[in-house]
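# Structural characterization, general
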There are 2 protein chains.
Amino acid sequence: MLSGCSAGLRLLVPRRCVLLSRSVTSGNPGRAAAVDGVLSAFRSICGDDGVSLGETVREQHGKDESVHRCRPPDVVVFPRCVEEVSALAKLCHRHQLPIIPFGTGTGLEGGVGAVKGGVCFSLRNMDQILDLHPEDFDVTVEPGVTRKALNSYLRETGLWFPVDPGADASLCGMAATSASGTNAVRYGTMRENVMNLEVVLADGSVIHTAGRNRRPRYRFKALPVSVFRKTAAGYNLTNLFVGSEGTLGIITKTTLRLYGVPEEMVSAVCSFSSVQAAVDSTVQILQAGVPIARIEFLDEVMIDACNKFSSLSYPVSPTLFLEFHGSERSLEEQVNTTEDITQSNGGSDFQWARDAETRNRLWKARHDAWYAALAMRPGCKAYATDVCVPLSRLPHIIVETKEDLIESRLTGHIVGHVGDGNFHCLMVMDPSDQDELHRVHLFSQRLARRALAMDGTCTGEHGVGLGKRSLLCEEVGPSVIRVMQSLKDAIDPNNLMNPGKILL
Amino acid sequence: MLSGCSAGLRLLVPRRCVLLSRSVTSGNPGRAAAVDGVLSAFRSICGDDGVSLGETVREQHGKDESVHRCRPPDVVVFPRCVEEVSALAKLCHRHQLPIIPFGTGTGLEGGVGAVKGGVCFSLRNMDQILDLHPEDFDVTVEPGVTRKALNSYLRETGLWFPVDPGADASLCGMAATSASGTNAVRYGTMRENVMNLEVVLADGSVIHTAGRNRRPRYRFKALPVSVFRKTAAGYNLTNLFVGSEGTLGIITKTTLRLYGVPEEMVSAVCSFSSVQAAVDSTVQILQAGVPIARIEFLDEVMIDACNKFSSLSYPVSPTLFLEFHGSERSLEEQVNTTEDITQSNGGSDFQWARDAETRNRLWKARHDAWYAALAMRPGCKAYATDVCVPLSRLPHIIVETKEDLIESRLTGHIVGHVGDGNFHCLMVMDPSDQDELHRVHLFSQRLARRALAMDGTCTGEHGVGLGKRSLLCEEVGPSVIRVMQSLKDAIDPNNLMNPGKILL
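Calculation criteria
Throughout, a residue's number is its position along its own chain's written sequence, starting from 1. In the order they appear in the text, chains get letters beginning with A and ligands get numbers beginning with 1. Note on the predicted model: pLDDT of at least 70 is required for a residue's local features to be given, and 80 or more for side-chain atom pairs to be given and counted; whole-chain, interface and lining totals, by contrast, use all residues. Hydrogens are left out, water is left out, and the side-chain values use all remaining heavy atoms of the structure. Helical segments are the DSSP runs of H or I of at least four residues, strand segments are the runs of E of at least two, and each set is numbered from the N terminus. Three labels apply to residues, based on accessible area from a 1.4 Å probe with only protein chains included: buried if under 20% of the type maximum, exposed if over 50%, partly exposed otherwise in between. Neither His nor the chain ends contribute to the count of charged residues, in which Lys and Arg are positive and Asp and Glu negative. Put simply, a salt bridge is a Lys or Arg side-chain nitrogen that is within 4 Å of an Asp or Glu carboxyl oxygen. Contacts described as polar in this section are N or O atom pairs within 3.5 Å, which, within protein, must combine one atom able to donate a hydrogen with one able to accept it, while residues neighboring in sequence count only if both atoms come from side chains. By definition, residues are in contact when any of their heavy atoms lie within 4.5 Å. When the copies are superposed, the least-squares fit takes in the C-alpha atoms of residues with a pLDDT of at least 70 in both. Think of it this way: a Phe, Tyr or Trp ring, Trp meaning its six-membered ring, pairs with another when their centres are within 6.5 Å, and the plane angle makes it stacked under 30 degrees, edge-to-face over 60, tilted otherwise. Distance and angle both matter: a charge sits over a ring if NZ of Lys or CZ of Arg is within 6 Å of the ring centre and within 35 degrees of the ring normal. Think of each axis as a best-fit line through the C-alpha atoms, taken over the contacting stretch in the case of a helix, with angles from 0 to 180 degrees between the N-to-C directions. For classification purposes, an angle smaller than 35 degrees is called roughly parallel, one larger than 145 roughly antiparallel, one from 65 to 115 roughly perpendicular, and anything else oblique. Note: crossing handedness is left-handed where the near helix turns anticlockwise from the far helix by less than a right angle, and right-handed where it turns clockwise. Under the scheme applied here, ten amino acids are nonpolar (Ala, Val, Leu, Ile, Met, Phe, Trp, Tyr, Cys and Pro), four are charged (Asp, Glu, Lys and Arg), and all others, including Gly, are polar. The term buried area denotes the loss of accessible surface (1.4 Å probe radius) that occurs when two parts are joined, taken as the sum for both partners. What fixes the domain bounds is an automatic or database domain assignment. At least two bridges found by DSSP between two strands is the condition for calling them paired.

## Points about the side chain of D386 of chain B
Residues and elements named next belong to chain B. Along the chain, the position of D386 falls in the loop between β16 (381-384) and α16 (394-407). No salt bridge forms around the buried D386; measuring N to O, its nearest opposite-charge neighbour K468 is 4.6 Å away. Side-chain polar atoms of D386 contact the side chain of N422, separated by 3.2 Å. The contact partners of D386, leaving out residues within four places of it in the chain, are N422, F423, H424, C458, T459, G460, E461, H462, G463 and K468.

This is how it looks when you write it as structure tokens:
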């Protein structure tokens, strides 16, 4: 059986979406008529500028940063507030048009492709930071607010939002895909940091997952409100919508947990003679209870690419990028314990990045890994695997994966959030080389199944989207898929919300 | 409209469940016949000892530690393994008999009462610790394993499970009610610490919420398996079942996240001249980023009761019980920062509890608060409120609540996990005094609504059960209730799983 992932790779061959306005509906006259029928109503809600049928706009909204081919929607709408989202959704519901939420398009599993056509809700015009409650450590943002925009806004407050997937993604999009990234080992993923969501359901109704919708809107606007830190009040809807990838509703606000900016931060780089030594160090650092903020692994292939792309000169060997947060005294203790451990595993002396500028350069190099990998083979495309395994299995799976890369004659750069057992193999491939594409597909499938055999998951943070639907079935089994499908059917009985994602 | 809570209070008047075997079904001949029809099949699954119709046994399983009156099931079964649970559930499903899971009966909201009769699944015979994976910081336990039993088992490993609701509850029961307690401010609640659940659904099918059911059972038995630390693979079923209070399925295994035992622990007690000063200190300690392990507030009424019950001599004034975990050096820093803050708020010098015995005595006194409150009025009953509000609202709501107690002429002891904004008012009342019961009911309703008006929740950790179903409706509103009901209908379409709980 070919997985959705393979579909993505097979369709990688560039194929420009040559479409005239609404020609995407040409094979579906019923939907074409429905779209025609609602356009004027859409315009009356969002204004003429808030509705686009333009080919370029539709193409921009039909793809993310993955290899999945562009699947443009029939029309793109740009609502300005939750009331407009709700009114538009009611129209889509009445006309049975699919709804695809769109944040920044930085996803990696094809989550925004309009595989059944329909209406893309681009949420970029809803970009307000609505509520900041420093004494309660929370903030509420609209879906157009990105991670970097929020942290800019917070700069003078002594607070920050640490979840950092690399891309400057929208925070509501990060909630929708259950994003995480380099800081998750200390601060958790979106699952642990989203406290409340405002969601528009497929029928246009608006809910607040942690129950704040009882408050009249004017009061919400007038008085910054906060949210409780824990609750046992009924089913946990917040964490059902986090990671639902737009298939259950459109997230129109998210309330996030904030943290005090650490008194001190320091980063370090440490090289090892083997993958095993680097990963063993990681496990021991965590076992020692060091509250490390980031611990990122780069294999020698990846570090070589980063050196070249970012003009660095780290030794070309398995490497850990580390970051410590805390008071001056606590940092000293964290660093001493960590150095003892890395040295006992044959690690190099630490190369330090103490001031903000040097630290930012270091982490920019880490976040540019994707582009560094691509730069090694100009004209090629990249695909990132995303398995996550129990910590104890990490050395074994990375070593096996590197052997598999050699046997498969593939270029793969391994980079990972090893403190969480999650790593990516950045595959760079020539999109015109069908044989290479096929080998990448087979390799990715083997890697995912290797993770499953080691009690892991096929996706630690990128989500299922289009690409991992079959692997999800393998991972969780038919009984769990039946439960997931029943939840989808309960909340979105007409399958209007981002159809064709997560579930086959 | 009277809430379920009021129903509990109104029914507090002792009324012994005088029932002969199966007489509970006398008003429902259809169910009586169904129970009669399955008894021999039950016995063929669990053995004769595994099925009880005895009045005493049924009464023991018809109530928890709350004021809700005993609602005995028609029959109690004692399965020994998940296969037996599944087989029993299939029979109940076929005969449309309600299923009520029972752990240790230490709940506080009437969650185990068989309000529609049916079959109580007492899970105490499933008491194995199945899997311990120290290097992955996780363990899997059956539902008969309690919190204290697990920590005893872990004693030599250097690991522990910190979630501590006070009672020696079963860990699967704690997952079912989303329990938390004194350590949550640092280590989180069950929501953050349950990594996987094995659940038997109403139709007898068995799922693993984080998808481990693909593994053949013999392999699960033979080879300790661990679980990944994060995933984005489909809907988050684990956190849907955590806190579902037995209304979606029977939890038959839970995989928990473990922590390294801190190098050092130290506890301290600090008295204040006002509630405001104690709570302000709490907020400032958290704002300063002190990773405090426990920070518990006791008002002067509560501390007086604890002094008398546990032979202590703390000043009778608003008090914080604190605990710090970490290395020796980190403790020093945490304690210094905390002392600076408490002293700036007029707090007393710390009274220390450094060695394990003194610390245990201190926390036993805290955990005995319930019995201490009861001991102040022999022959009385207790009811605990459980609101949780944003930290910034905490001083205000506690002060208002104390005023309300005086105006209502009620005895209330305030004790709380103030680091989470969660506190309990332990109401002691004479069950034969109808007027007092009525005042307690009105007071509890006012307190819950005061919390809702301050963006809080009616239940931080005790759950909804029978007692807070109406308040849940007020808290989340009809749209969210509709979504919750649709999820319940999707997973348990015949309403067999613990019917009458959470949702009205």
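## A few points about the relation of the copies chain A and chain B
The transform that puts chain A on chain B rotates by 180 degrees and translates by 0.0 Å along the axis, for an RMSD of 0.0 Å. These values place the two chain copies in the arrangement generated by a two-fold rotation axis. Most of the interface of chain A is mirrored in chain B, where 100% of its interface residues are also at the interface.

## Considering the side chain of D164 of chain A
Residue and element names in this part refer to chain A. Within the secondary structure, D164 is located in the loop between β7 (159-160) and α6 (171-177). At 2.9 Å, the side chain of D164 forms a polar contact with the backbone nitrogen of G166. Side chain to side chain, D164 and R294 meet in a polar contact 3.3 Å long. In contact with D164, other than residues within four places in its own chain, are R147, S180, G181, T182, N183, R294 and H367.

## Observations regarding the packing of aromatic side chains
Per the counting criterion, the structure on display carries 10 aromatic pairs over all chains. Geometrically, the ring pair formed by W160 of chain B and Y187 of chain B is edge-to-face, given 5.5 Å between the ring centres and 85 degrees between the ring planes. In this pair, W160 of chain B sits in strand β7 (residues 159-160) while Y187 of chain B sits in helix α7 (residues 184-187), placing the two residues 27 residues apart along the sequence. The buried category is assigned to W160 of chain B, whose relative accessible area is 13%. Among the aromatic residues, those joined into a cluster by ring pairs are W160, Y187 and Y259 of chain A. If you follow R294 of chain A out to its NZ or CZ, it ends over the ring of W363 of chain A, 4.4 Å from the centre.

## Considering the packing of helix α2 (residues 29-46) of chain B against helix α4 (residues 82-95) of chain B
Residues and elements named next belong to chain B. In the contact formed by α2 and α4, the axes pass within 10 Å of each other and the chain directions differ by 165 degrees. Taken together, the axes of α2 and α4 lie roughly antiparallel to each other. In this structure, the crossing between α2 and α4 has a hand that is right-handed. When α2 is examined against α4, the residues A34, V38, A41, F42, I45 and C46 are found in contact with a partner set consisting of E84, A87, L88, L91, C92 and H95. Across the contact of α2 with α4, the residue classes tally to 10 nonpolar, 1 polar and 1 charged.

## Quick look at the interface of chain A and chain B
Interface size is often expressed as the accessible area that is lost when the parts come together. Facing the 87 residues of chain A at the interface are 87 residues of chain B. Both faces considered, chain A and chain B share a buried interface measuring about 6900 Å² in area, 57% of it formed by carbon and sulfur atoms. Summed over the three residues of chain A that lose the most area to chain B, namely K230, Y235 and R329 of chain A, the buried surface amounts to 14% of that side. Where chain A meets chain B, there are 6 salt bridges. Across the pair E332 of chain B and R329 of chain A runs a salt bridge, and its minimum N-O distance is 3.5 Å. Run the count over chain A and chain B and you get 24 residue pairs in polar contact (both at pLDDT 80 or more). Looking at the side of chain A that touches chain B, the elements that each hand over two or more residues are β9 (206-208), α10 (237-241), α11 (275-287), α13 (328-344), α17 (434-453) and α18 (469-491) of chain A. A per-element tally of the side of chain A that touches chain B places α18 of chain A first, with 13 residues. For the side of chain A that touches chain B, a count of residues per class yields 35 nonpolar, 32 polar and 20 charged.

## A few points about the domain arrangement of chain A
All names here are of chain A. When its domains are assigned, chain A resolves into domain 1 (4-122), domain 2 (129-260) and domain 3 (264-453). Listed by partner, the interface residues are 10 residues for domain 2 and 15 residues for domain 3. When the two sides are added together, the surface that domain 2 and domain 3 hide from each other amounts to roughly 970 Å², 55% of it contributed by carbon and sulfur. Among the residues domain 2 hides against domain 3, the three largest losses belong to T182, V185 and R186. Together they make up 59% of the total. The tally of links between domain 2 and domain 3 comes to 1 salt bridge.

## Quick look at the pairing of strand β14 (residues 319-326) of chain A
Residue and element names in this part refer to chain A. Taken across its 8 residues, β14 has 8 buried, putting it largely inside the fold. Burial along β14 is two-sided: the residues T319, F321, E323 and H325 and L320, L322, F324 and G326 are all buried. Pairing of strand β12 (residues 264-271) with β14, which is carried by 8 bridges, proceeds in the antiparallel orientation. Across the sheet, S271 pairs through a bridge with T319, a residue of β14. Two elements, strand β13 (residues 294-298) and β14, share 5 bridges in a ladder whose sense is antiparallel. Residue L298 lies in a different strand from β14, and its bridge partner there is T319.

## A short note on the environment of A41 of chain B
Note on placement: A41 of chain B falls in helix α2. Along the backbone, A41 of chain B and L88 of chain B are 47 residues apart, and their C-alpha atoms lie at a distance of 8.4 Å.

## Regarding the environment of C306 of chain A
All names here are of chain A. If you trace the backbone, C306 turns up in helix α12 (residues 300-310). Sequence-wise, C306 and M376 are 70 residues apart; in three dimensions their C-alpha atoms are separated by 9.7 Å. Apart from the residues lying within four places of it in its own chain, the contact partners of C306 are L298, S311, L312, A365, A369 and A372.

## Observations regarding unusual backbone geometry
Residues and elements named next belong to chain B. The phi torsion at Q96 lies on the positive side, around 55 degrees, for a residue other than glycine. The backbone of N498 shows a phi angle near 40 degrees, a positive value even though the residue is not glycine. Take N498: it is sitting in the segment after α18 (469-491). Given the relative accessible area of 2%, N498 is considered buried.

## A word on the sheet that holds strand β1 (residues 51-52) of chain B
Residue and element names in this part refer to chain B. Taking strand neighbours across the sheet as the criterion, the 4 strands line up as β1-β2-β4-β3 in an open arrangement whose pairing is mixed. Unpaired on one side and paired on the other, β1 and β3 (99-102) mark the two borders of the sheet. On the sheet, α4 packs against β2 (75-77), β3 and β4 (119-122) and is oriented at approximately 175 degrees with respect to β4.

## Some remarks on the packing of helix α11 (residues 275-287) of chain B against helix α13 (residues 328-344) of chain B
Residue and element names in this part refer to chain B. With their axes 9 Å apart at the nearest point, α11 and α13 run at an angle of 150 degrees to one another. Between α11 and α13 lies a crossing of right-handed hand. Listed contacts from α13 to S281, Q284 and I285 of α11 are T338, I341, T342 and S344. Its residues assigned to classes, the contact of α11 with α13 shows 2 nonpolar, 5 polar and no charged.

## Some details on the pairing of strand β5 (residues 129-133) of chain A
All names here are of chain A. With 4 of 5 residues buried, β5 lies mostly within the body of the structure. Taken together, the 4 bridges between β5 and strand β6 (residues 138-141) define a ladder with antiparallel strand orientation. Paired with I129 across the strands is V141, a residue of β6. Linking two consecutive strands that pair antiparallel, namely β5 and β6, is a turn of 4 residues; a positive phi of about 55 degrees is found at F137 within it.

## Overview of the sheet that holds strand β9 (residues 206-208) of chain B
Residue and element names in this part refer to chain B. The antiparallel open sheet is built from 5 strands, whose spatial order is β5-β6-β10-β8-β9. Each end of this open sheet is capped by a strand with a single partner; those strands are β5 (129-133) and β9. Each neighbouring strand pair of the sheet contributes to a mean axis angle of 10 degrees, computed without reference to strand direction. One ladder, built from 4 bridges, connects strand β6 (residues 138-141) with strand β10 (residues 250-257); its direction is antiparallel. What sits directly across from D138, in β10, is R257. Taken strand by strand, α4 contacts β8 (194-200), β9 and β10, and its axis lies near 45 degrees from that of β8.

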